[in-house]
Amino acid sequence: MSDIPAVKSALKAQVIETPSWGYGNSGTRFKVFAQQGVPRDPFEKLADAARVHAATGVAPLVSLHIPWDTVPDYGKLRAHAEDLGVRIGMINSNTFQDDDYRIGSVCHPDPAVRRKAIAHLLACVDVMDATGSTALKLWFADGTNYPGQDDITARQDRLHEALQAVYARLGPEQRMVLEYKFFEPAFYTTDVPDWGTSYAHCLKLGPKAKVVVDTGHHAPGTNIEFIVALLLREGKLGAFDFNSRFYADDDLMVGAADPFQLFRILHEVAKNGGLDAANGVAFMLDQCHNIEAKIPAIIRSVMNVQEATAKALLVDLDALRAAQAAGDVLGANAVLMDAYNTDVRPLLAEVRQEMGLNPDPLAAYAATGHAEKIIADRVGGTQAGWGA
Ligand SMILES: [Mn+2]
């Protein structure tokens, strides 16, 4: 039997970080559809993120992306966040939107381009200093499109050199997390294509470097929960970028495409101590809401993570271990499926009521009138989006 009060306190303590870019306009390479009321600057993105936190009670951190969220005074941005009841989370670097990076950034064959990319990464650590952020998130679009285009191992050497320079710059309370993605925008080789490559680099760097698992960055059929279990065992799981994929890197709402996979991932997280704050695993959303309303979509995503977490916490571990030890294949599987098939919505409604929240976060948000207010207020100016 599960200890319901313990399950409830774990759910109340969970922190889900939302991405500033999730509030801005986004789309595909075919079309970015603008939506009315979308934030025009990082201050307005934080205002929207604060609404997600107000409705759910578990989303106090907002991840920034530099340069999309560049402001002249980061102290002011930090104060604005704190006034709204949220804090600045991870800082995401961007070495993929400059013409100089056509054939790479930190892995580029030209040392001048590599220096430029490293300078940007170091500037991101300055932003961390100014905002109180404790983690730098690195994803590199680096790779090659054609066999023979560049030397695979030389590019790994260049990558290591860059990562080392950034690692050396981190303060005692700061850390860096390295994200992998198996392809795109490069189509032949990618310099950090998988968890093993990220893990190997992080291991060399030291304890302040850990791996980011973006759930959309795997080939179809990859067993992501195995990767999660292994990284937790090695103390190298730094963060999640949660989203859903049907085909490639779709960036759809987490838990939408495959809620069972999300449950299996969170079962490994819960079972292996990943929910303990001391472990420092960041639970971030990395999504784009191209056709749906953004703030409700992010609230829904937070709820999806909570539901999968609740089910994972309901797994009867004693019964599971007994069945596993007895070699009871069907019994062990049944324990897991019992938890997955539990309707946890009433439990989460209770959790929210105990936190002083409306049991229905989407209804709570709708009742604030924020959606109508931003459409009326945010007129003129340039809407935030990719590259803005
Ligand atoms: Mn990501």
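Bear in mind the structure is a predicted one, so any value in this text is a computation, not a measurement. (Residues numbered from 1 in each chain as written. Predicted model: local features only at pLDDT ≥ 70, side-chain atom pairs only at ≥ 80, totals over all residues.)

Visitor: Looking at this structure, I do not really get the overall build of the protein chain. What am I missing?
Guide: Each helix and strand in the protein chain was counted, giving 14 helices and 10 strands. Against the compact-globule benchmark of 21 Å for 388 residues, the protein chain has a radius of gyration of 21 Å, which places it among compact chains. Once the C-alpha set of the protein chain is aligned to its principal axes, its extents read approximately 60 × 55 × 40 Å. (Helix = DSSP H or I, 4+ residues; strand = E, 2+ residues; numbered from the N terminus. Rg over C-alpha atoms; globule rule 2.2 N^0.38 Å.)

Visitor: Even after reading the chapter, I still don't get the packing of helix 2 (residues 42-56) against helix 9 (residues 294-313), so can you show me in this structure?
Guide: Orientation of helix 2 relative to helix 9, taken along the N-to-C sense of each, is 40°, at an axis distance of 10 Å. Between helix 2 and helix 9, the crossing angle belongs to the class labelled oblique. Helix 9 is crossed by helix 2, and the crossing has right-handed handedness. Where helix 2 approaches helix 9, its residues D48, R51, V52, A55 and T56 are matched on the opposing element by I295, I298, I299 and V302. Looking at the contact of helix 2 with helix 9, its residues break down into six nonpolar, one polar and two charged. (Axes fitted to C-alpha atoms, helices over the stretch in contact; angles between N-to-C directions. Parallel < 35°, antiparallel > 145°, perpendicular 65-115°, else oblique. Left-handed = near helix turned anticlockwise from the far one by under 90°. Contact = placed C-beta atoms within 7 Å. Nonpolar A, V, L, I, M, F, W, Y, C, P; charged D, E, K, R; others polar.)

Visitor: Which parts of the structure should I look at to understand the sheet that holds strand 9 (residues 237-242)?
Guide: By way of backbone hydrogen bonds, the strands of a sheet pair with one another, either parallel or antiparallel. Read around the closed barrel, the eight strands follow the order 1-2-3-4-6-8-9-10; overall the barrel is parallel. Mean inter-strand twist for the sheet, computed between neighbouring axes without regard to direction, equals 30°. Contacting strand 3 (87-92) and strand 4 (135-138), helix 4 (residues 111-131) runs over the sheet at an angle of about 175° to strand 3. (Pairing = 2+ DSSP bridges.)

Visitor: How do you make sense of the nonpolar core when you look at a structure like this?
Guide: Considering soluble globular proteins, one finds that nonpolar side chains tend to be buried as a cluster. Formed by 97 residues in total, the largest nonpolar core has its most connected members in L178, V211, V213, V228 and V302. With 11 residues, helix 9 is the single largest residue contributor to this core. Every residue in contact with V302, bar those within four places of it in the chain, is listed here: I16, V52, T56, V58 and A59. (Core = buried A, V, L, I, M, F, W, Y, C linked by C-beta atoms within 7 Å. Buried ≥ 20, exposed ≤ 12 C-beta atoms within 10 Å, placed from the backbone.)

Visitor: Would you explain helix 8 (residues 259-271) in this entry?
Guide: Along an α-helix, a turn takes 3.6 residues, which lines up residues three or four apart on a common side. Along its 13 residues, helix 8 runs 18 Å from first to last C-alpha, staying within 8% of the 18 Å computed at 1.5 Å per residue. Those residues of helix 8 not exposed but buried are L262, F263, R264, I265, L266, H267, E268, V269 and A270. Positive backbone phi, at 80°, marks G273, one or two positions downstream of helix 8. (Expected span 1.5 Å × (residues − 1).)

Visitor: Whenever I open this one, unusual backbone geometry confuses me. Can you help?
Guide: Backbone phi values are negative for most residues with the exception of glycine, while trans is the configuration of most peptide bonds. The linkage connecting I66 with the following residue, P67, adopts the cis geometry, with an omega of 20°. Checked against the element boundaries, P67 lands in the loop between strand 2 (61-65) and helix 3 (74-84). Residue P185 follows E184 across a cis peptide bond; omega there is 10°. Tracing the chain through its elements places P185 in the loop between strand 6 (175-179) and strand 7 (189-190). One non-glycine residue, E184, adopts positive backbone phi at about 80°. By the element assignment, E184 lies in the loop between strand 6 and strand 7. In this structure E184 comes out as exposed when scored by C-beta crowding, with 12 C-beta atoms within 10 Å. One non-glycine residue, D251, adopts positive backbone phi at about 55°. Mapped onto the elements, D251 comes out in the loop between strand 9 and helix 8.

Visitor: Sorry if this is basic, but what is going on with the packing of helix 5 (residues 152-169) against helix 6 (residues 195-205) here?
Guide: Two measures define how a pair of helices packs: the angle their axes make with one another and the distance between the axes. Viewed as axis vectors pointing N to C, helix 5 and helix 6 meet at an angle of 45°, and their least axial separation amounts to 10 Å. In terms of their interaxial angle, helix 5 and helix 6 are classed as oblique. Here the hand of the crossing between helix 5 and helix 6 comes out right-handed. In this structure, helix 5 uses L159, H160, L163, Q164 and Y167 to contact helix 6, whose residues at the interface are H201, K204 and L205. Looking at side-chain class alone, the contact of helix 5 with helix 6 contains four nonpolar, three polar and one charged residues.

Visitor: Got a minute to help me understand the pairing of strand 1 (residues 16-19) in this structure?
Guide: Across a regular strand the side chains alternate sides, sitting on one face of the sheet and then on the other. Because side chains alternate across strand 1, one face comprises the buried residues I16 and T18, and the other comprises E17 and P19, equally buried. As paired elements, strand 1 and strand 10 (residues 282-285) share two bridges and run parallel to each other. When the sheet's bridge partners are listed, I16 is paired in strand 10 with F283. Running through helix 2, the crossover from strand 1 to the neighbouring parallel element strand 2 is right-handed. (Right-handed = clockwise from strand over helix to strand, strands pointing away.)

Visitor: For this particular structure, what's the right way to read the pairing of strand 4?
Guide: On strand 4, burial covers both faces: A135 and K137 on one face and L136 and L138 on the other are all buried. Of the strand pairs in this sheet, strand 3 and strand 4 are connected by two bridges, and their pairing is parallel. When the bridges of strand 4 are listed, I91 appears paired with L136. Note that the unit made of strand 3, helix 4 and strand 4 has a crossover that is right-handed. Relative to strand 6, strand 4 runs parallel, the two sharing four bridges. By the bridge assignment for strand 6, L136 is matched with M176.

Visitor: How should the environment of K137 be read in this particular structure?
Guide: Examined against the element boundaries, K137 turns out to sit in strand 4. In this structure K137 comes out as buried when scored by C-beta crowding, with 27 C-beta atoms within 10 Å. C-alpha of K137 to C-alpha of K76: the two residues are 61 residues apart in sequence and 22 Å apart in space. Not counting residues up to four positions away in its chain, the partners in contact with K137 are M90, I91, N92, V177, E179, V212 and A239.

Visitor: Please clarify how the environment of A322 should be interpreted in this entry.
Guide: Within the secondary structure layout, A322 lies in helix 10 (residues 317-325). With 10 residues separating them in the primary sequence, A322 and A332 have C-alpha atoms 8.1 Å apart.

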